[in-house]
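# Breakdown of the fold
Residue strings, one per chain:
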Amino acid sequence: MGEPPSTVGRRSTEERRSTMQMRFDGRLGFPGGFVHFPDQSLEDGLNQELLEELGEAATAFRVERADYRNSYVSSASSAPRVVAHFYIKSLPLEQLKAVERGAPLAQDHGLEVLGLVRVPLYTLRDGVSGLPAFLENTFIGTAREQLVEALQDLGLLDPGSALRP
């Protein structure tokens, strides 16, 4: 049996989980996609993307305006210019497990999404294994920074943690 984890935040990792996606391009990111303005609100567009990427279990909850955290505008050198909006949705553990079980049956599974990945919310005693090693992966856009900020906002990661930039 391996070394027992020590949590990186204040709450037990048994109670809390964070999930990301392995994307078609091999990068880690969060569910989402383009919104068709003016036909959809940001939240309507995101909920449609959640259904396509996570499957039917995503219909058991709805991302609302209150779940909004921040936005990022791509640099002017990229074409087309994209504004990415970031939301955080907390789900009961059983609901999250239902999403994880149903995701392989989602419309975009195997196309846009290769699978879901649980974020290790701990650091082992070596100070490297767990979340610090996970953060060394390749992320799309600002997903790494958004993950760290979300974990801090949720009290799962101390703002002063010694994570590499």
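The following refers to the structure shown. Note that this is a predicted model, so its numbers are computed, not measured.

### Details of the packing of aromatic side chains
Counted according to the given criterion, the structure contains 3 aromatic pairs. With a centroid separation of 5.9 Å and an interplanar angle of 75°, the aromatic rings of phenylalanine 134 and phenylalanine 139 are classed as edge-to-face. When sorted by exposure, phenylalanine 134 lands in the same class as phenylalanine 139, which is buried.

### Side note on the side chain of aspartate 67
Here aspartate 67 lies in the loop between α1 (42-54) and β4 (68-73). For aspartate 67, a relative accessible area of 13% gives the class buried. If we ignore the near neighbours within four places in the chain, the residues touching aspartate 67 are Arg62, Phe86, Tyr87, Ile88 and Lys89.

### Some thoughts on the environment of leucine 111
Note on placement: leucine 111 falls in the loop between α2 (93-102) and β6 (113-118). Judged by relative accessible area, leucine 111 falls into the exposed class, the value being 58%. For the pair leucine 111 and phenylalanine 24, spaced 87 residues apart in sequence, the C-alpha separation works out to 6.3 Å.

### Concerning the pairing of strand β2 (residues 19-23)
Along a regular strand, successive side chains alternate from one face of the sheet to the other. Burial runs high along β2: 4 of the 5 residues are buried. The pairing of β2 with strand β3 (residues 28-29) spans 2 bridges and is classified as antiparallel. Bridge pairing in β3 places methionine 22 opposite leucine 28. Hairpin connection of β2 to β3: 4 residues between the antiparallel strands, including glycine 26 at a positive phi of 85°.

### Some remarks on the sheet that holds β2
Read across the sheet, 3 strands follow the order β3-β2-β6 without closing on themselves; strand pairing throughout is antiparallel. One side of each edge strand has no neighbouring strand; the edge strands of this open sheet are β3 and β6. By the bridge criterion, 5 bridges tie β2 to β6 in an arrangement that is antiparallel. Residue pairing across strands places arginine 23 opposite valine 113, the latter belonging to β6.

### A look at the nonpolar core
The nonpolar side chains of a soluble globular protein tend to be buried with one another. Counting residues in each nonpolar core, the largest one holds 14 residues, and the members touching the most others are Met20, Phe134, Phe139 and Leu147. At the level of secondary structure, the elements contributing two or more residues to this core comprise α3 (131-134) and α4 (143-153). At 4 residues, α4 tops the list of elements feeding residues into this core. With 9 residues, the next largest nonpolar core counts Leu46, Phe61, Val63 and Tyr87 among its residues.

What counts and what doesn't
Residues numbered from 1 in each chain as written. Predicted model: local features only at pLDDT ≥ 70, side-chain atom pairs only at ≥ 80, totals over all residues. Heavy atoms only, no water. Phe/Tyr/Trp six-rings, centres within 6.5 Å; stacked < 30°, edge-to-face > 60°. Buried < 20%, exposed > 50% of the residue type's maximum accessible area, 1.4 Å probe, protein only. Helix = DSSP H or I, 4+ residues; strand = E, 2+ residues; numbered from the N terminus. Contact = heavy atoms within 4.5 Å. Pairing = 2+ DSSP bridges. Core = buried A, V, L, I, M, F, W, Y, C linked by side-chain atoms within 4.5 Å.

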